[in-house]
Amino acid sequence: MSLINTQVQPFKTQAFQEGKGFFEVTDANLKGKWALVVFYPADFTFVCPTELEDLADKYDEFKKLGVEIYSVSTDTHFAHKAWHDTSDAIKKVKYVMLGDPTGAITRNFDVMIEEEGLALRGSFLINPDGQIKLCEIHDNGIGRDASEMLRKVKAAQYVASHPGEVCPAKWKEGEKTLKPSLDLVGKI
């Protein structure tokens, strides 16, 4: 079953964020605004810091769109702080880093690798009503691109605010969209 258009399941966990320290985050924190939840396998690894740094470099652009980023691994919030304090790439991270040592959140989003206790690279865009609007899951050897995620966020927000319109492949902000209709069938 697909997670698209389903509600985020209830959760409660500890988080780390530079400038705020440790604090609790629940599913309620994801509602009322757009949220991007990005799962990654583990702290102190190889591809993960490149992805999180890429998101950090684009964080202000996401914030301008009203999107809060939450990164999640099965590490603890303590491990996130230690990684933040020791890695030049992770020192750039200003968004929330969720700890999920029990794997409950990772299982809720169906990205747990049970035999390893680690998450797949899963990206989930959640609308202000708490519905999952985008779900993308990668093999752990394939890193994600924050610019492409930013494009998809803009497309999802456009579609949400323009009922009856859809964004074609490679759509970028300001470009032409489509209005599905019988007249359009077979003409693309």
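Provided above is the structure to which this section pertains.
Bear in mind that the values here come from a model prediction, so they are computed numbers and not experimental data. (Residues numbered from 1 in each chain as written. Predicted model: local features only at pLDDT ≥ 70, side-chain atom pairs only at ≥ 80, totals over all residues. Heavy atoms only, no water.)

### What about the nonpolar core?
(1) Moving on: Counting residues in hydrophobic clusters, the biggest one holds 25 residues, and the most contacted among them are Leu36, Leu52, Leu55, Phe62, Tyr95 and Met97.
(2) Moving on: Of all the elements in the fold, those that place two or more residues in this core are strand E3 (34-39), helix H1 (47-64), strand E4 (67-73) and helix H5 (146-161).
(3) Moving on: Among the elements that line this core, the one with the most residues is H1, at six residues.
(4) Moving on: The contacts of Leu52, once residues within four sequence positions are left out, are Tyr40, Ser71, Trp83, Ile90, Val93, Tyr95 and Met97.
(5) Moving on: Listed in part, the 21 residues of the second largest apolar core include Leu3, Val25, Leu30 and Val72. (Core = buried A, V, L, I, M, F, W, Y, C linked by side-chain atoms within 4.5 Å. Buried < 20%, exposed > 50% of the residue type's maximum accessible area, 1.4 Å probe, protein only. Helix = DSSP H or I, 4+ residues; strand = E, 2+ residues; numbered from the N terminus. Contact = heavy atoms within 4.5 Å.)

### Looking at H1
(1) Moving on: The end-to-end C-alpha distance of H1 is 26 Å, a good match for the 26 Å that 18 residues give at a rise of 1.5 Å each.
(2) Moving on: At Lys58, H1 is bent by approximately 55°, the largest bend along its length.
(3) Moving on: Within the sequence span of H1, burial applies to Cys48, Pro49, Glu51, Leu52, Leu55, Ala56, Lys58, Tyr59 and Phe62. (Expected span 1.5 Å × (residues − 1). Bend = angle between axes of the 7 residues up to and from the residue.)

### Focus: the packing of H1 against H5
(1) Moving on: Interaxial distance between H1 and H5 falls to 9 Å at its minimum, and their mutual angle equals 30°. Considered as vectors, H1 and H5 are oriented roughly parallel to each other. Crossing handedness for the pair H1 and H5: right-handed. Residue-level inspection shows Asp54, Leu55, Lys58, Glu61 and Phe62 of H1 in contact with H5, the latter providing Ala146, Ser147, Met149, Leu150 and Val153.
(2) Moving on: Per-class residue counts for the contact of H1 with H5 are six nonpolar, one polar and three charged. (Axes fitted to C-alpha atoms, helices over the stretch in contact; angles between N-to-C directions. Parallel < 35°, antiparallel > 145°, perpendicular 65-115°, else oblique. Left-handed = near helix turned anticlockwise from the far one by under 90°. Nonpolar A, V, L, I, M, F, W, Y, C, P; charged D, E, K, R; others polar.)

### Some thoughts on the pairing of strand E8 (residues 121-126)
(1) Moving on: Most of E8 sits inside the fold, with six of its six residues counted as buried.
(2) Moving on: Side chains Arg121, Ser123 and Leu125 project from E8 onto one buried face, and the interleaved Gly122, Phe124 and Ile126 project onto a second face that is buried too.
(3) Moving on: Relative to E8, E3 runs antiparallel, the two being bridged by four bridges. By the bridge assignment, Val37 is partnered in E8 with Phe124.
(4) Moving on: Pairing analysis gives six bridges linking E8 to strand E9 (residues 132-138), with the strands arranged antiparallel. Its bridge partner lying in E9, Leu125 is registered against Leu134.
(5) Moving on: Here E8 folds back onto E9, and the loop between the two strands holds five residues, one of which, Gly130, carries a positive phi near 85°. (Pairing = 2+ DSSP bridges.)

### Considerations on the sheet that holds E8
(1) Moving on: The strand order across the open sheet built from seven strands is E2-E1-E5-E4-E3-E8-E9, with neighbouring strands paired in mixed fashion. At either end of the open sheet lies a strand with only one pairing partner, and these are strand E2 (21-26) and E9. Pairs of neighbouring strands in the sheet enclose a mean axial angle of 25°, with direction left out of account.
(2) Moving on: Bridging between strand E1 (residues 12-17) and strand E5 (residues 96-99) involves two bridges; their strand directions are antiparallel. Pairing of Phe16 across the sheet is with Met97, part of E5.
(3) Moving on: Docked against the sheet, helix H2 (residues 77-86) engages E1, E2, E4 and E5, running at close to 15° with respect to E1.

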